[in-house]
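Here are the chains, one letter per residue:
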Amino acid sequence: MRKQQNFQWETISLGTCYYPEHWDRSLWEADLKRMKAAGIETIRIGEFAWSKVEPREGEFSYEFFDDFLNAVRAADMKVIFGTPTATPPAWLTEKYPEVLNCRMDGVKFRHGMRRHYNYNSPVYQDLSARIVEKFAGHYAAHPNVIGWQIDNEINCEVDVFYSESDTAAFRKYLQGKYGTLENLNRELGMIFWNQEYTSWDEVYVPRTTIHNTSNPHLTLDYYRFVSESAIAFCRMQSDIIRKYKKPGDFITTNGMFDHLDNHRMMDEALDVYTYDSYPNFAYCLSEDPVHNRDLNDRKWSSHLSRVRSVCPHFGIMEQQSGANGWNTRMEAPAPKPGQMTLWAMQSIAHGADYVSFFRWRTCTVGTEIYWHGILDYDNRDNRKLREIRALHERLRSIRELAGAAYRASFGVLEDYDNLWDADVDVWHRRVEKASKKEIFAASQLSHTPMDYVLLTDGTEYGDLKDYPVLFYPHGLILTERRAKLLRDYAEKGGCLIIGARTGQKEEHGRCVMMPMPGELAQLSGTSVEEFTFVGAMDGQVCMEWNGKKLDTGIFNDILETEKEDVKVLACFASNYYEGKPALTERAVGEGRVIHFGGTFTRDTVQALLSYLGILEPYRAQLELPEECELCVREKNGKQYFFILNYSPEEQEIRVKQEMIDMFSGEKICGAVRLTGDNVLCLESVTTL
Ligand code: GAL
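What you are looking at is a predicted structure, and each value in this text was computed from that prediction instead of being measured.

*Asks:* What should I look at first to understand the overall build of the protein chain in this one?
*Replies:* What the protein chain contains, in helices and strands, is 18 helices and 26 strands. Considering only C-alpha atoms, the protein chain reaches an extent of 80 × 75 × 45 Å along its principal axes. Partitioning the contacts of the protein chain with sequence separation of at least 6, the portion at a separation of at least 24 is 73%. Of note, the protein chain has its 79 positive side-chain charges centred 3 Å away from the centre of its 101 negative side-chain charges.

Okay, structure coming up:
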């Protein structure tokens, strides 16, 4: 079973990110006062400020943050302190260039940006341990410090590492995993294209090659290694902070990035997880927000659902509070009136109990002069500050919802082996991307809330049992152990839905010599006779289910039944495999398994959810247009419905059972108008 998180917020509250080192000291007191007046209780500081404490190697000075913390104490604010390892200082990278990360061709990333270090340099590990020791040793006892953020956005900017230290550590990692080169050569298929190694010195992290293509099985291990390296770096800091932090103070890190097993990082090093939510990316000038079939404007709901799978009661360390843009990229308009509130409420609706806006005031210097904060350069009160104040007022009525559980009607299984294999394998990537997007869209448009559910070797039936339906869209890598767990889930009453390519590979990403769906074939009672991408000349390929034509997506597995008790629900209705099974069902124990030979489309998903009786589970209480998202949280037997209107236009909602409008305190029933970019929070009158 997954470990429970160590820390939870008691009430929903607001914060902001503040950089005392960016401003004249004369501004500190007034800034803190204005925050407090706007309802902001907590600030995050310090995460890039290494030189403020160690301006030269081995010279430590604490005065700057001591002074700032005095101002914080006087203002009665709380602080989350960041460790500064995301930005090693110039003196450090100049003297120890081996700490720098490199491009694939070995060229070093130089000082001048951030996150330019690598996790495996012993020098960087020592210097990082020392600065973290100094930060935590000196500041953790301060009464106004309530938590710690490790580094900043681990694996952000770049999630691949090619320094010499990485190669040295990768060799060790592989030695630990395979013992001998003979094993490595055999397990990773090095016989192909004469790639066998004869000495460990010949093994490297991926390097520049023709098409930059390397052995895929070794690359898959490389991503696992990157994740291990990042987690070890985070754990090293967490172990140090834990020696100094006050009981009850928490350790976290922010963001959610690739080639990183965020779940393991959470379980091994953190007390609570925080995320950085920037939905305005959907409106970047490079995006197409108008022809928006992908629901780009609410894609962050999908990200937040993943965050929830890492940590059910999470926080937002950085919530959008202005227009985006570096001086070099990511230009986007300012959030419209209401959008900052909508996006903050989106976070809360998905399980966040703390929301901290990035940043208090836009920086007047550096790369992020266009990454706007609440206040602008001129430092005057503005519409954004008024919006925060109004949000704070609204939050008063839902403060006590902290800790309420998000209620999903079905789950989508994910595992890191397959997420990373999809990074190595373009066939895998295509099907994965297509299905994930469409399952999300189906859930959104039909107001059937979903969760992502992590599958690991440690996952147990207890982690899955609350989901009546689990999609495992394209589990190409399928181990015996995981197949056994899925069998257990189905036999005990769950409905498992698998899609094309299931069971193609084993744990190293090698293809298994058995019919798909491999380890699940006994359970599904099916096999895959043939398979193909749907080509440009094929048009749309469909299956016919109960007289209705449904698109079978971008890839088709042509199914065969292998057991008598397999029911063919639908057959392909076009292409050369017309008439062959596309969708089958088999009852197993108390539950069932459904095998779909395609990638999922929103219509197929909705048809499946309807067939299984879980589509639109709240239709007796609410009727909503597609423009609105529905999130449901539950606490003490009460249901709380968050209705988020992402369109700029007013929408009509029908409340079919009397509920309490949490923001006004009034009872409502019948037709309700919800203005554009706005949110409604309703409390059920009856208890569950
Ligand atoms: C985040 C990061 C912040 C800031 C912000 C805007 O990814 O943590 O430090 O850079 O983006 O770019």
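Next comes the rest of the description.
*Asks:* Can you walk me through the side chain of H474 in this structure?
*Replies:* Along the polypeptide, H474 turns up in the loop between β12 (469–472) and α16 (480–491). At a separation of 3.4 Å, a polar atom in the side chain of H474 contacts the main-chain carbonyl oxygen of V431. Among the polar contacts listed, one links the side chain of H474 to the side chain of S435, at a separation of 2.6 Å. Among residues more than four places away in sequence, those in contact with H474 are N418, H428, V431, E432, S435, G499, A500, G598, T599 and F600.

*Asks:* Honestly, the environment of W28 in this entry has me stumped. Any pointers?
*Replies:* Here W28 lies in helix α1 (residues 28–37). For the pair formed by W28 and A75, sequence separation is 47 residues and the distance between their alpha carbons is 9.9 Å. For W28, the residues in contact, after removing those within four places along its chain, are Y18, P20, W23, F64, D67 and F68.

*Asks:* Just to check I follow, could you spell out the packing of aromatic side chains for this structure?
*Replies:* Under the counting rule described, the total for this entry stands at 51 aromatic pairs. Both rings, one in W28 and one in F68, keep their centres 5.0 Å apart while their planes meet at 85°; by these two values the pair is edge-to-face. In this pair, W28 sits in helix α1 while F68 sits in helix α3 (residues 63–75), placing the two residues 40 residues apart along the sequence. Since its relative accessible area comes to 0%, F68 is described here as buried. One aromatic cluster is present, formed by Y18, W28, Y62, F64, F65, F68, F81, F135, Y139 and W148 through successive ring pairs. We note K52 situated over the ring of F64; from NZ or CZ to the ring centre the distance is 4.7 Å. The lysine or arginine in question, K492, covers the ring of Y461, its NZ or CZ lying 4.5 Å from the ring centre.

*Asks:* How should the environment of R501 be read in this particular structure?
*Replies:* Here R501 is to be found in the loop between β13 (495–498) and α17 (521–524). According to the relative accessible area criterion, R501 is buried, its value standing at 6%. The spacing of R501 and G475 is 26 residues in sequence and 7.2 Å in space, taken between C-alpha atoms. Residue contacts for R501: discarding those within four places in its chain leaves W427, G475, L476, M516, F531, F555 and D557. For R501, the side chain forms a polar contact with the side chain of Q504, separated by 3.2 Å.

*Asks:* Would you explain the domain arrangement of the protein chain in this entry?
*Replies:* Size of an interface, as often reported, equals the accessible area lost when the parts are brought together. According to the domain assignment, the protein chain contains domain 1 (13–159 + 232–403), domain 2 (410–611) and domain 3 (622–684). Facing the 16 residues of domain 1 at the interface are 16 residues of domain 2. Around 1400 Å² of area is buried between domain 1 and domain 2 when both sides are counted, 51% of it from carbon and sulfur atoms. The interface formed by domain 1 and domain 2 contains 3 salt bridges. Between E414 and R306 there is a salt bridge, and its shortest N-O distance comes to 2.6 Å.

*Asks:* It is not clear to me how the site of the ligand should be interpreted in this structure. Could you clarify?
*Replies:* F48, R114, N152, E153, D276, Y278, E318, W326, F358, E368 and W371 make up every residue found near the ligand. The contact in question runs from an oxygen atom of the ligand to an N or O atom on the side chain of R114, over 2.8 Å. One of the side-chain nitrogen or oxygen atoms of N152 is found 2.9 Å away from an oxygen atom of the ligand. The fraction of the free accessible surface of the ligand (300 Å²) that becomes covered by protein chains is 94%.

*Asks:* Is there a simple way to think about a positive patch on the surface in this case?
*Replies:* Together, K299, R429, R430 and K433 make up a region of like positive charge exposed at the surface. Ranked by the residues each element gives to the positive patch, the list is headed by helix α14 (residues 426–445), at 3 residues. Here R430 is to be found in helix α14. For R430, a relative accessible area of 55% puts it in the exposed group.

*Asks:* Can you walk me through the sheet that holds strand β20 (residues 591–596) in this structure?
*Replies:* A sheet is described by the order of its strands in space; here 9 strands give the open sequence β11-β10-β12-β13-β20-β19-β18-β15-β16, paired in mixed fashion. Both edges of this open sheet fall to β11 (450–454) and β16 (548–551), since each of them pairs with a single strand only. Across the sheet, the mean angle separating the axes of adjacent strands is 25° when strand polarity is ignored. Here strand β15 (residues 542–545) runs beside β16; their pairing, made up of 4 bridges, is antiparallel. Note that in β16 the partner of M543 across the bridge is L550. Across the face of the sheet, α14 comes into contact with β10 (410–414), β11 and β12 while running at roughly 165° to β10.

Rules behind the numbers
- Residues numbered from 1 in each chain as written.
- Predicted model: local features only at pLDDT ≥ 70, side-chain atom pairs only at ≥ 80, totals over all residues.
- Heavy atoms only, no water.
- Helix = DSSP H or I, 4+ residues; strand = E, 2+ residues; numbered from the N terminus.
- Contact = heavy atoms within 4.5 Å.
- Lys, Arg positive; Asp, Glu negative; His and termini not counted.
- Charge placed at Lys NZ, Arg CZ, Asp CG, Glu CD.
- Polar contact = N/O pair within 3.5 Å; in protein donor to acceptor, adjacent residues only side chain to side chain.
- Phe/Tyr/Trp six-rings, centres within 6.5 Å; stacked < 30°, edge-to-face > 60°.
- Buried < 20%, exposed > 50% of the residue type's maximum accessible area, 1.4 Å probe, protein only.
- Lys NZ or Arg CZ within 6 Å of the ring centre and 35° of its normal.
- Domains from an automatic or database assignment.
- Buried area = accessible area lost by both parts, 1.4 Å probe.
- Salt bridge = Lys/Arg side-chain N within 4 Å of Asp/Glu carboxyl O.
- Near = heavy atom within 4 Å.
- Areas by Shrake-Rupley, 256 points an atom, 1.4 Å probe, with all protein chains shown as cover.
- Patch = residues over 30% accessible without salt bridge, like charges linked within 9 Å, V, L, I, M, F, W, Y side chains within 5 Å.
- Pairing = 2+ DSSP bridges.
- Axes fitted to C-alpha atoms, helices over the stretch in contact; angles between N-to-C directions.

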